[in-house]
Amino acid sequence: MSVKRKAEGVVTVAVEDENDLLRITPLGAGREVGRSCICLQYKGKTVMLDCGLHAGRSGPNSLPFLDQIDPATVDVLLVSHFHIDHAAAVPHYLERTTFKGRTFMTRPTKGIFRWLAKDYIRVTNTSDSDSTALYNEADLVSAHAKIEEIDVHQQVEVNGIKFTAFNAGHVLGAAMFLVEIAGVKVLYTGDYSREEDRHLVAAENPGVAVSVLITESTYGLRSHDSRIEREKNFMKQVRDIVVRRRGCCLLPVSALGRTQELLLILEEYWSRNLQELDGVPIYFVSSLGKLGTRLYQTYIMHMNQRIQQQFNRTGRNPFDFKHIKTRVDFSEVPEMGPCVVLATPGMLQNGVSRLLLERWAPRPENGLIITGYSVEKTLARNITNKPPTIAGIAGGTIPRRLSVDNISFSAHVDYTQNSAFIDEIRAPHVVLVHGEENAMLDLRANLVDKYRGSDYEITVHTPRNTRTVEMVFHGEKTARVMGGLASKAPRDGHSCAGVLVEKDFNYTLLDVGDLREFTGVTPVTVEQQLRVPYSSAFSLLRYHLEQMFGELPLTAETSSSGTTNILRVYDAVDVLHSSWKGGVEIEWDGNALNDMVADSVVAVVLNIESSPASVKLTQGACEGHSHDANASKSQETERVRSDSAADISAKLVLLMKQQFAHVERDDAQKKLVVRLNELSAAVSTETLDIETESALLRSRIAAIIARVRHTMRPLAHNSEPLPEEQLEVLRAGADKDKEKEKDGAEAASLADAAKALENGDEAKAIVAGDDGLAPSADDDDDDDDDGAHDSSDNSSAISSSSNSSDAGSDNEDDAAEQLDEPQSGSAVADDPNEA
């Protein structure tokens, strides 16, 4: 179990499985307003919610912290609405990063977003900013083609991520998203409004249990006046400026969104008060003015019932304005009033609204009304403090004498609406985003105090940008029983067996026969075949398998090549041994049980040739050879030659060089020449015959040959005795060792060896040392009763003597038993002395 800790060292979350961690990371809108971008990670899935730009910054600094999350790991990007601070970074993310996921917007959002992003490119991409431009029109066109549409109340599933769009109010096409991953539901509100206005429906409650609510906190603890009061105050201020003061009224707005609500209010007021206001024009100055009006005329079926009923009753589109004139350039606006001008952008950072402000600011009859939320560090926020001067966009300062009022028509929830919605949802975790730090922290403190001691246990999170909030959700796993398994009603204590199918966190229990119908999966049988090296007799194979698995049925198949014996293990695994093939073939139908049986069979076969039981079996009658000491000498010699000439001589050189200082290979004479000071020996590479005057050196080399031979040859051959010629050499060496042992020469030989080493005589030291270390025969060692095994026993005993001098073995009987037991290559390699 891993433990998550804060930087201060306080334990926050104990986690047994990292997949149970739900991570929510604001890449933007964390204790700020702007560049909304929230990353949600759970069960290996990643969802990005919105991808906007910061209105108070420019270039790459306006982007969210996109480098915190690998774009290639993001499965889905969901965009709540078309405003710049929620959607303007989408073309950059889709075209200039490694993002390969899918992107979704509602139909109105996609339609309007394209034109807002295009206008953003026009305003920000200049010849001086080409190198820092976030994207161009080609990127926008390509990105727009990749965006998929989602309807309100439509559920879409992508790679196990389910999400549904709900009405959010705020602007046309704005949506809340309910995201579900492995049973955990997260509701992201985006910007939302719970109050129905002239053309939009109020935000919806999804009506389902929600684990986490991610909501905006734009206004913190502030509450708005009612819509009717705001409209009354708004028209009072406008009328005062244009009628009483005969001045120009500037309304900085965004091109699309709340602007259309203001246009509806002004259009209705002018229609009711035409006599008084007939000579006062209303201008909407924006490059997207006419296009925006047409877009809203197109999407009236996505608006509230009031708009739809008005259209059906009159046959006239409510956005076909009579008193509002759309202009593209501010030069078409009169310098003197009275007039009302709605101009973009809303933050007064640049554009037409900024130019008109600088033109009208020095005159006191003019007025400015801020109608939306003003982002911190923008001119729209600063001017609400009514400074005496403002900075000119071209430099210098301009005196401010026009009036400044703030009547918010921002379609963001205030404290009253937000706290009521939180209480309705009753999510155990609430994450506040899209709010300035002080407002957000005040709201958190209020919510904690409000629900302290109540039955609503709430945890409120206010993460900064790039700070991750982690929550643990284990999630329940429920399987639906379908098909034939569901034909009978379940009873208490009744068990149900079938195939459990898991897809995108959904579990279904099915009968094998129903897999194709319900999942499209066709069951198949995997036939597995494995070939295992094996060179011994079939009788030995059968013996070991039956020792493990009991009596096995045997069948035989005869072909022109020979006979194949087949053993059936547990009616699941076939073991095939063919007389003309090398190895054993193992065949079975793949499943969990059969695979375990096959693994057991393989383990038995691989250990047959090194098993002590095999040694006892091969001491009797063996296939392909005899243990008879009187067997034909020529036959045995020929068998030794066939094995030695091709394989042993090459390996012999390597082992000889480890034992002797000078070893040379004479290919012309087909000999190996061994020199040890004044001693020398020649070994035939064809027959392995040894020519030397030193009997002890001869026995030493014969032992090395025997060791290589035992290492390389299979079980059946290792049971054979050595050729008589080599046996005689080994007997002579062994007899000499026994005589030395009986005469008590061991101590003298060791002393001679030590003295020879001091004098630098290496050869004499080795000979003396070998004489002193050669073990004596055990006094209890009985003579063989059976003459047929006499040569084999002598070979074992003598080889043991030689082996003991090299490997340091203390017991002749143990060494003899090791040489009697045939060993495979792997068994020899396990002994560090033998290797």
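Quick note: structure is the one above.
These figures come from a predicted structure and were not determined experimentally. (Residues numbered from 1 in each chain as written. Predicted model: local features only at pLDDT ≥ 70, side-chain atom pairs only at ≥ 80, totals over all residues. Heavy atoms only, no water.)

What follows covers the sheet that holds strand β28 (residues 527-532). In spatial order, the strands read β28-β32-β31-β30-β29; together these five strands make up an open sheet with antiparallel pairing. The open sheet has two free edges, formed respectively by β28 and β29 (554-558), since each of these has just one partner strand. Within this sheet the neighbouring strands show an average axis-to-axis angle of 20 degrees, counted without direction. Inspection of the sheet shows strand β30 (residues 563-569) paired to strand β31 (residues 573-578) by six bridges, in the antiparallel sense. The partner of Arg 568 across the bridge, within β31, is Asp 574. Along the sheet face, helix α16 (residues 592-607) touches β28, β30, β31 and β32 (584-589) and points at about 170 degrees away from the line of β32. (Pairing = 2+ DSSP bridges. Helix = DSSP H or I, 4+ residues; strand = E, 2+ residues; numbered from the N terminus. Axes fitted to C-alpha atoms, helices over the stretch in contact; angles between N-to-C directions. Contact = heavy atoms within 4.5 Å.)

Okay, the pattern of salt bridges next. Oppositely charged side chains can form a pair if their charged atoms are brought close together. All chains considered together, the criterion is met by 37 salt bridges. Glu 268 is paired through a salt bridge with Arg 272; the nearest N and O atoms lie 2.7 Å apart. A residue pair is termed a helical-turn pair when its members lie 3 or 4 positions apart in one helix, as Glu 268 and Arg 272 do in helix α6 (residues 258-272) at four residues. Here Glu 585 and Arg 531 are joined by a salt bridge, their closest N and O atoms 2.4 Å apart. Of this pair, Glu 585 sits in strand β32 while Arg 531 sits in strand β28, and the two are 54 residues apart along the sequence. In this structure Arg 531 comes out as partly exposed when scored by relative accessible area, which is 46%. A network of salt bridges, in which partner residues are shared, links Arg 198, Arg 227, Glu 231, Glu 268, Arg 272 and Arg 306. (Salt bridge = Lys/Arg side-chain N within 4 Å of Asp/Glu carboxyl O. Buried < 20%, exposed > 50% of the residue type's maximum accessible area, 1.4 Å probe, protein only.)

Next up on the list: the nonpolar core. Ranked by internal contacts, the top residues of the largest apolar core, which has 96 residues, are Phe 234, Val 340 and Leu 342. Apart from the residues lying within four places of it in its own chain, the contact partners of Phe 234 are Leu 251, Leu 262, Ile 265, Leu 266, Ile 369, Thr 371, Ile 407 and Phe 409. If you look at the next biggest cluster of nonpolar residues, it comprises 31 residues, including Leu 49, Ala 175, Phe 177 and Val 469. (Core = buried A, V, L, I, M, F, W, Y, C linked by side-chain atoms within 4.5 Å.)

For any two helices packed against each other, one specifies the crossing angle of their axes together with the interaxial distance. Running from amino to carboxyl end, helix α15 (residues 538-549) crosses α16 at an angle of 135 degrees, the nearest separation of the two axes being 10 Å. Looking at the two axes, α15 sits oblique to α16. Regarding α15 and α16, the two cross each other, and that crossing is right-handed. Each of Leu 541, His 544, Leu 545, Met 548 and Phe 549 in α15 lies in contact with α16, whose residues at this interface are Ser 600, Val 601, Val 604 and Val 605. Of the residues assigned to the contact of α15 with α16, the class counts are seven nonpolar, two polar and no charged. (Parallel < 35°, antiparallel > 145°, perpendicular 65-115°, else oblique. Left-handed = near helix turned anticlockwise from the far one by under 90°. Nonpolar A, V, L, I, M, F, W, Y, C, P; charged D, E, K, R; others polar.)

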